Each structure stands twice: as structure tokens, then as C-alpha cells.
Amino acid sequence: MDPLERIWKEALQRYEDTLPPKRIKKMLLTPDLESLLERTKLLQSRYSGRPIIRALERAQPFLNTIQSFSEVVKVFLQSDPGIFALVWGSIWFVLEVSPCSRAASLRNALVEYYAEVIGICQDAVSFCSHRSLSNLFIKRFDSSYEENTRRRVEQLKISTIWVDQEASVISSQLIRQELLRGFQDLRLDLRQQPKMHILQHPFHNLPYTRNLHFHARQVELSRLEKDLQPGVLPGKLLVVGLHGTGGVGKTEIALEYAYRYQKYYDAVLWVTAETSVKLSGSFSSLSGQLGIVDQSVQSSHQRCEELKRWLGATSQRSSRPCRWLIIYDNVETSTSLQPFWPTGSHGAVILTSRNPAVSRHLGGPTAAIEVLPFSASEGQKFLLRLGTDRENAASQEERTAAEAIADAVGNLPLAVFLTGSYIYSAGLSLTQFLTAQPHFERTFLFDDQVYSQYVGNYEQSLDKTWSLANFTANGNPGFVLMSNRLDQAISALMGRSLVTRKQGADCISCHRLVQSAVLFYMPRDQRVVAFNKLQFYLNGAFPQQGDGEPLHSQWKRCEEFSSHVLALLDTYKWVKDDVQSPILLCEITSRCAWFYFERGDMSIAHKLASDAILICEKALLLSNHPGYSEWYVKDQLGHLYNVRASVAYETGKTGDALNLHSKIKSMRLANMREGNLDDKWLAAADGNLAVSLMAEGKPEIALPLVLSLLERPDMGPNEDVYLNNACVCHMLLGDYVNALKYGSKAMAAVRRLRGEESAQMAIYLFYAGNIYQKQGRVGEAFDALSKCLRLRRTLMPTHSYTGLTLHKIGTIVQERGDVALSM
């Protein structure tokens, strides 16, 4: 027996002497470290939500202690501890050389040290493997177990100091000579490398065949090629991580790289890393597949250590280094991967993970590659390629349907693949499928039968991706239960790539299918609560529009929240059977629609107003508008119809605009309440009616309405608008003197109410330029329109008004004879 092994046996015997026979028998059943940690996780999962879990969680510090002494545990489990790593400074240095030391005190220190470490490990193992878990937690853990472990930890600290002190004595030449003789006794030759298994043929264990439908991703593959340098012998460990949300194609990119550059590697090793159990099993099995160990080595831990040694030794071999690539697929955390990490090796590693921190932690800040969904064109082409060998053979109708289907699932590759596989397997065209299931992304993607029937190898990963199995508990979204602190919840979700934080903005975003998944699995009662809260929060965030004033000065904030209004309105169509009529959402939608109207997005403004009108009219029909009076709902209808009328006016449908404005006036007359100030809104309806009358060529009818509004003190907030309308009326009547008179008053009101650099000032300048042109004052017209153009280019560069202003300037330039400038 080797001297080192004798010391170990003596320490073990000392500990056994303190135990009754039953405990000694249990000690023989001690699992390895990986099994112990995995069993602890299973216990925690089994007793989750019960009071007993608190006792189990109190054992975690002691399990962490076992991990920190993992090398000691490894020696304990191996039958031949002659060779093991030197890791802990002087303590571990003395650990290896101590058989050569003549100092009895050092020997005694080591025995004490070993005995306490074994004691900690055995007490924790006994605790976690005890059959009567409930009795142990409740009756024994709080007293004897915790006190005994505390004593052992204190004694271990004392033993550590003792070993350190004794180790410092070993520094003389005599001791060094004895060390050399000691190594000879242990049959170790430091001048030679251990014998290592050499591959005779290229090896790979890739779990899937090459994907014939692999599409796009040239940027990611080029980055992998650049960083991993296939064909070049690495001088260090090269690491690249692919991270992104589930189903985005991380595994497919890694697989394609492996097949594309397989000829450059002697071994391509695929390790499944979804859980610690799969990681351990997948990694340890490679040692047998490679022929590094035979069936006599049963310990998973030992098999993994042998593989790690092989990776390090063969990659640094001077005669013929082995070129290898390891792919760790679906890594949960960097901590779970550390026991299986090829430290000190020269090779190539690809990580795939939803957690962006994994790549940065193991490979450095430049090692991470974010994998995003396809672009719109890539998603369309991918879907078309699934159904035909010739993409160009698809009709325009099919191309349009392909674009709509890919867009509905956010161009997520896995979702596009699932949908396309189903469509083509069912013998449908894309157009037929979209017609039959216009909202397929809300239900179809969560149908387990579709997965098992059409997806094959991807069934399990799809279930995890779309059922959000890792984020649900009793059917509730996990991030709702995760934490009361928003920052902690966001951090956890970002760690799974379920949400991202927008750079430079205090907001987060997530893929649309994540939103759909949350809604699909959220219980009805929580869905109602969440929807109502979102209405409340969005109402406070979206800019208010007092007394029908323009939103020009708040466009930036409107734009920031407008997409949320659209999303919530679309969500209502999905959950309308669960929630009450969302009148508050209609009020928010009215403001949002007006913002789009001001910005020139007429189709969006019209759709928003129309959707909200349907909600309000249904609420009135069913008398279902809790919390809101009938008068309020009808008042909102008036505002929403006003948006539609304004859109009709701006798009040249002046007849429709006039009819709608007349309808609005009738609605407000019918909705007036005695003793209230509803006549203010009735007057505003007159103002809008006047605009439609001017557009229909009836300025003489419009002018009295406009002038009457200017006499009302409650119209003060919109004085500049009505002054401009009076200016236009006089201009249409050919009275340019009065037109300029009211225009000058309008400019003064704009400066007072909106500011010199406002969109309303641009409106005044545009009218002034037109009046000057009518009067033949071309120079003044050019100056006014130039100032107008500058403002509109700054405030609304894509608006049709900006193009109209530019066109008007062109006609004036031609009148002046500046042909070259106009061109």
C-alpha cells in the first residue's frame, strides 16, 4: 500500500471509529458528488411549496462545502489515488508530498484534516439519503445535525492552519531530495507525460443528420469561422457562444458549422447540456465512445475526469496534437458546465444557450454571438423553400401569404418550420391555410398533437419553448410568481432570452410569440387582472390630449407607447370573452389614433378609430360598460368618429368627411346634458364641420361658424386653429386682405400657445405663402414656404404635408424663373 493511501485509510478509519455499525454500512452506499447534488435537486423539487423545504434549503451551505472539497471527495471515491491534481496551494502541495515527510506532526495534521473533511461529506450524505426525510428534517436537523456540522467546520479551519504551518517547514534541500525518492516510491515519472489514447480515425457523435433546409445565417457562420479558425492548430482554448430565445436556431447553426468544417477536426464531440443529469451522462459517455476508458470504469465522475485529461494532453501533444471541437448544446448556466470544462486544453468550443451570460463568463465579452429571428425576406424565403424546390415558382399570392405567415410568428425559424411542415404535410397552399386560420399563431402553435405528428426530433424542444415549462407553476407564468421586484424578474427573463432591454430606453421588449405563450397559458382570472392593469398603466403613460388640442409637442412620447396601444387593442380581440368592454382602452386609442393622424399615417389612424368604435357601440348595445356612464361612452364615440372624419378629409374624401362631421354634431346634440358644458364640444363640432364645408367648396357657409367660435372664451386653447381656419375661408372667398389679417393673428396665437418651432407655425406659414402667391408677392411667398419646409422637415419629414410644401416651393421657383433651382 502506498504511503499516501495509508494516511487516507488511517483518516477514514479514525472517522469510522466514531460511528455505530449502521452508519458504517450506510457509508458504503455513498453516491458520487454528481449523484448527490442531483438527488438534492430532486428532493427540493419534490417538496417545493411545503414547509419542509425550509429545512432542506438550510443544508445548501454544507452541500456547497462538499463542492469546494470536490477533489478530496474524488480521491475518496477512487480505488487508486496515486495521481490527482495539485490545486490548493500549500495544503494540496503537502497533500501530494506528505508520504515522504518524516515529520510526525505533519502526518497527524493531515490525518486530522482528512478526517474532518470526510466527516462533513458523510454527515451531509447521510442527511440527504435518510429514508425518513420528514422525521429527520423536523426532529434531528435543527439540533444535533446542525451543531455537529458547525463543530466540524470549526475543527477543519484549525486543521487547515495546522497543515499550513507544518507545510512551511518543508523547505530544506534534504526534504527536496526525499520528495524525489517519494515520487519514485509512488512510481511517478515527472519527466514523461501519462500515456494517452490516440484516435486512429476521425470521430464525431453528432446527434442529427445535416439539415437540408438550413437557411441564411451567413453572418453567424462567418463569425464562427473567424473565431474558431478551423484548419489552424489552436494555441489556446477558443470559445464562441450562440445565445438567443428558444427556437431561434442556435442548435441548427452549431450543427451546420460542425458538418461544414468537420474535415478540419479529428474529433467533433456533441454534449447535451440541458440539465446536469444529461450533461454528466453525455460527457462521461464520450470517454467510452472514444475508447479512453473501458467498461471497468463505472464512476461517472472518473470517466469525465479521464476525458478532460485526454482533451488536455492530446491537444498539447508535441508530436501530433489532436484537433477537436466540443459543442455544448443548450447550456443552462456556466456553473453547471464548469465540472465538464476542458481547462488547460487547446481546442475549439461552441456553446448554445438562452442565457447570454454563459458565453461571456466562459469565453469573455467578445465570445458571445446573439442569434436573432430571420429578417422578413429570410422568413418568407425559408417558408417557400419548405414547400417547393424552386422558390421562384411560387405565385405572387403564395409569396404574399408566406410573408404574412412568417410575420405572424415573428420570423422565428422554429415556428416558421413547424407551421410550414404542417401546411405542406396537409397538402394545403399557404393561402388556403391563412384563410382558414387567420390567427393561427394564437392556438395552432400550442397544439401538442401538431408537434408530435409533424415535428419529430424537435418535439421535446418545442414543448419547452412554447409551453414555457420552465416558467410555469400550476399553470401560472413563472415570472409572475418569481419575485415582487421588477428588476429581479426582468433579470431572470433576460437570462432566458425571453425579454431584452432596449438600449438607450427605459423599456423592455420580447418576441411576439412569447407574449402569445403567456396569454395562452395564463389562467382566465389572471388574464383579466393583467389586461386591466395594462389599460391603467398605459393610460398614465400615453400623453393626454386636453380639450382636443394637438399632440405635436409630444410626438416622441406618443411614438414610444403607440405600439403598446396597438398590441393591447389586438390582444383584446383575443381575450374579449374574458374581459369587460375596455372603455378606458378606447379613450387611449382615440389619442393614439389622433397621433397617427397628425403624423400622416392615415390608414393606421382609421383602423384604430374603427376598432375602438366597434367596442364602444357593442358596449352601448349590451349596456355593458361597468365604471363608465352611457354619456361618457357616447362622448368617446364622438371623438373616435372625429378621427375618421379627419382622415377622410385628409385623404380627399371630403364628401365622407362632411357626412361624418354632420353625424358627430347630431350625436353631440343628442348627448347634451342640462347644466353641463357640453355645448363646448358642440361648438368644436361646428369647427370641424366648417373645415369640411370649405373642402366641399362652401366657404361662405363655413365662415360664420368659424367666426362664432372665435367669439367664445372657452375656445381659447384652440384659438390659433380657428384663426387659421378663418384665414383659409377668406382666402377661398378671394378676400386676401382679411386672409392676411387673420393669418397675422393666427401667427401671434401660435407663438403664444405652441411656440415658434411648432407644427402649427408651419401650417400658418404654408397658408401665408399661398396668399402671397395669390397676390403675386412671389418673394414673400418663397420665404414663408421655405420657413415652413424647414419646420416640417424637422418635425414631420415623412408627412405628405412636407412633400406638398416642397412641391409648392417648386412652382414658385418656376414662377420666378429659377429653372435650374427648381430642377
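These numbers were taken from a predicted model, which means no experiment stands behind them.

What counts as what
Residues numbered from 1 in each chain as written. Predicted model: local features only at pLDDT ≥ 70, side-chain atom pairs only at ≥ 80, totals over all residues. Heavy atoms only, no water. Helix = DSSP H or I, 4+ residues; strand = E, 2+ residues; numbered from the N terminus. Buried < 20%, exposed > 50% of the residue type's maximum accessible area, 1.4 Å probe, protein only. Contact = heavy atoms within 4.5 Å. Areas by Shrake-Rupley, 256 points an atom, 1.4 Å probe, with all protein chains shown as cover. Expected span 1.5 Å × (residues − 1). Pairing = 2+ DSSP bridges. Axes fitted to C-alpha atoms, helices over the stretch in contact; angles between N-to-C directions. Core = buried A, V, L, I, M, F, W, Y, C linked by side-chain atoms within 4.5 Å. Polar contact = N/O pair within 3.5 Å; in protein donor to acceptor, adjacent residues only side chain to side chain. pLDDT = per-residue confidence, 0-100. Phe/Tyr/Trp six-rings, centres within 6.5 Å; stacked < 30°, edge-to-face > 60°. Salt bridge = Lys/Arg side-chain N within 4 Å of Asp/Glu carboxyl O. Parallel < 35°, antiparallel > 145°, perpendicular 65-115°, else oblique. Left-handed = near helix turned anticlockwise from the far one by under 90°. Nonpolar A, V, L, I, M, F, W, Y, C, P; charged D, E, K, R; others polar.

**What about the overall build of the protein chain?**
Part 1: When you go through the protein chain residue by residue, the secondary structure sums to 40 helices and 10 strands.
Part 2: Burial status across the protein chain gives 49% buried among its 823 residues.
Part 3: A sequence separation of at least 24 residues applies to 68% of the contacts in the protein chain between residues at least 6 apart.
Part 4: Total accessible area on the protein chain is roughly 40700 Å²; 52% of this is exposed by carbon and sulfur atoms.

**Some points on helix α13 (residues 276–289)**
Since the α-helix turns once every 3.6 residues, residues separated by three or four places project in the same direction.
Part 1: The end-to-end C-alpha distance of α13 is 20 Å, a good match for the 20 Å that 14 residues give at a rise of 1.5 Å each.
Part 2: The set of residues buried in α13 consists of Ser 276, Leu 279, Ser 280, Ser 282, Phe 283, Ser 284, Leu 286 and Ser 287.
Part 3: Of the residues flanking the end of α13, it is Gly 291, one or two places downstream, whose phi is positive at about 85 degrees.

**Looking at the sheet that holds strand β2 (residues 238–243)**
Part 1: Pairing in this open sheet of six strands is parallel, and the strands run β1-β3-β4-β5-β2-β6 from one edge to the other. The open sheet terminates on both sides in strands that have one partner only, identified here as β1 (203–204) and β6 (368–370).
Part 2: Pairing geometry for strand β4 (residues 324–331) and strand β5 (residues 348–353), over five bridges, is parallel. Counted as the bridge partner of Ile 326 is Val 349 from β5.
Part 3: Strands β2, β4, β5 and β6 of the sheet are contacted by helix α16 (residues 356–363), whose axis makes an angle of about 170 degrees with β2.

**Some details on the pairing of β2**
Part 1: Across the six residues that make up β2, a large majority, six, are buried.
Part 2: Residues Leu 238, Val 240 and Leu 242 of β2 are buried on one face, and the alternating residues Val 239, Gly 241 and His 243, pointing to the opposite face, are buried as well.
Part 3: Where β2 meets β5, six bridges bridge the pair, whose relative direction is parallel. Considered in β5, the bridge of Leu 242 is made with Thr 352.

**Thoughts on the nonpolar core**
Burial of nonpolar side chains together is a common tendency in soluble globular proteins.
Part 1: Grouped together as the largest cluster of nonpolar side chains are 51 residues, with contacts concentrated most on Leu 224, Leu 228, Tyr 257, Leu 325 and Ile 350.
Part 2: Residues within four places of Leu 228 in sequence aside, it is in contact with Leu 238, Val 239, Val 240, Tyr 257, Tyr 265, Leu 325, Ala 348, Val 349 and Ile 350.
Part 3: Formed by 48 residues, the second largest nonpolar core is a distinct cluster that contains Leu 551, Phe 561, Leu 584 and Phe 595.

**Regarding helix α37 (residues 759–774)**
Part 1: Compared with the 22 Å implied by 1.5 Å per residue over 16 residues, the 23 Å span of α37 between its first and last C-alpha is a close match.
Part 2: The buried count for α37 comes to 14 of 16 residues, which makes it a mostly enclosed element.
Part 3: One or two residues past the end of α37 sits Gly 776, with phi positive at roughly 80 degrees.

**Let's talk about the side chain of His 625**
Part 1: When you line up the elements, His 625 lands in the loop between α30 (602–622) and α31 (630–650).
Part 2: Within the local environment of His 625, its side chain forms a polar contact with the backbone oxygen of Tyr 628, the two atoms lying 2.7 Å apart.
Part 3: When near neighbours in sequence (up to four residues on either side) are disregarded, His 625 contacts Ile 583, Ala 619, Leu 620, Glu 630 and Val 633.

**Examining the confidence of the model for the protein chain**
Part 1: Taken as a whole, the protein chain shows an average pLDDT of 76; of its residues, 68% reach a score of 70 or greater.
Part 2: Every residue in residues 128–142 scores below 50 in pLDDT, and together they form 30 contacts with partners more than four places removed in sequence or on other chains.

**Things to note about the packing of aromatic side chains**
Part 1: Going through the model one piece at a time under the given rule, you end up with 14 aromatic pairs.
Part 2: With centroids separated by 6.2 Å and ring planes inclined at 35 degrees, the aromatic side chains of Tyr 261 and Tyr 264 adopt a geometry described as tilted.
Part 3: By relative accessible area, which is 10% here, Tyr 261 ends up buried.
Part 4: For Tyr 264, a relative accessible area of 29% corresponds to the partly exposed category.
Part 5: Arranged with centres 6.4 Å apart and planes meeting at 80 degrees, the rings of Trp 555 and Phe 595 form a pair that is edge-to-face. Remark: Phe 595 occurs in helix α29 (residues 583–599) and Trp 555 occurs in helix α28 (residues 555–575); sequence separation between them is 40 residues. Like Phe 595, Trp 555 is buried.

**Structural notes on the pattern of salt bridges**
Part 1: Within this structure, the stated rule accounts for 22 salt bridges.
Part 2: Where Glu 305 meets Lys 308, a salt bridge forms, and the shortest distance between an N and an O atom there is 3.6 Å. Of the two residues, Glu 305 and Lys 308 both sit in helix α14 (residues 300–315), three residues apart, roughly one turn of that helix. The burial state of Glu 305 is the same as that of Lys 308; both residues are buried.
Part 3: For Arg 777, the salt bridge goes to Glu 780, with nearest N and O atoms at 2.7 Å.
Part 4: Under the relative-accessibility criterion, Glu 780 is labelled partly exposed at 35%.

**Digging into the packing of helix α33 (residues 679–695) against helix α34 (residues 699–710)**
Helices that pack against each other are described as a pair by the angle of their axes relative to one another and the distance between those axes.
Part 1: Across the interface, α33 lies against α34 with an axial gap of 8 Å and an inter-helix angle of 150 degrees. The orientation of α33 with respect to α34, classified from their angle, is roughly antiparallel. As α33 packs across α34, the resulting crossing turns out to be left-handed. Packed against α33, whose contacting residues are Ala 683, Ala 684, Asp 686, Gly 687, Ala 690, Leu 693 and Met 694, the element α34 presents Pro 699, Ile 701, Ala 702, Leu 705, Val 706 and Leu 709 at the interface.
Part 2: In the contact of α33 with α34, the residues fall into 11 nonpolar, one polar and one charged.

**Looking at unusual backbone geometry**
Most of the time, phi is negative for any residue but glycine, and the peptide bond is trans.
Part 1: For Asn 411, which is not glycine, the phi torsion reads 55 degrees and is therefore positive.
Part 2: Along the chain, Asn 411 turns up in the loop between α18 (396–408) and α19 (413–425).
Part 3: With relative accessibility at 9%, the residue Asn 411 sits in the buried group.
Part 4: The phi torsion at Ser 623 lies on the positive side, around 50 degrees, for a residue other than glycine.
Part 5: With respect to the helices and strands, Ser 623 occurs in the loop between α30 and α31.
Part 6: The class of Ser 623 is exposed, set by a relative accessible area of 59%.

**Notes on the packing of helix α36 (residues 736–753) against α37**
Part 1: The interhelical angle for the contact between α36 and α37, taken along N-to-C directions, is 160 degrees, at an axis separation of 10 Å. In terms of orientation, α36 and α37 fall into the roughly antiparallel class. As for how α36 packs across α37, the hand of that crossing is left-handed. Along its contact with α36, which presents Tyr 736, Ala 739, Leu 740, Gly 743, Ser 744, Ala 746, Met 747, Val 750 and Arg 751, the element α37 presents Gln 760, Met 761, Tyr 764, Ile 771, Tyr 772 and Lys 774.
Part 2: Taken together, the residues of the contact of α36 with α37 break down into 10 nonpolar, three polar and two charged.

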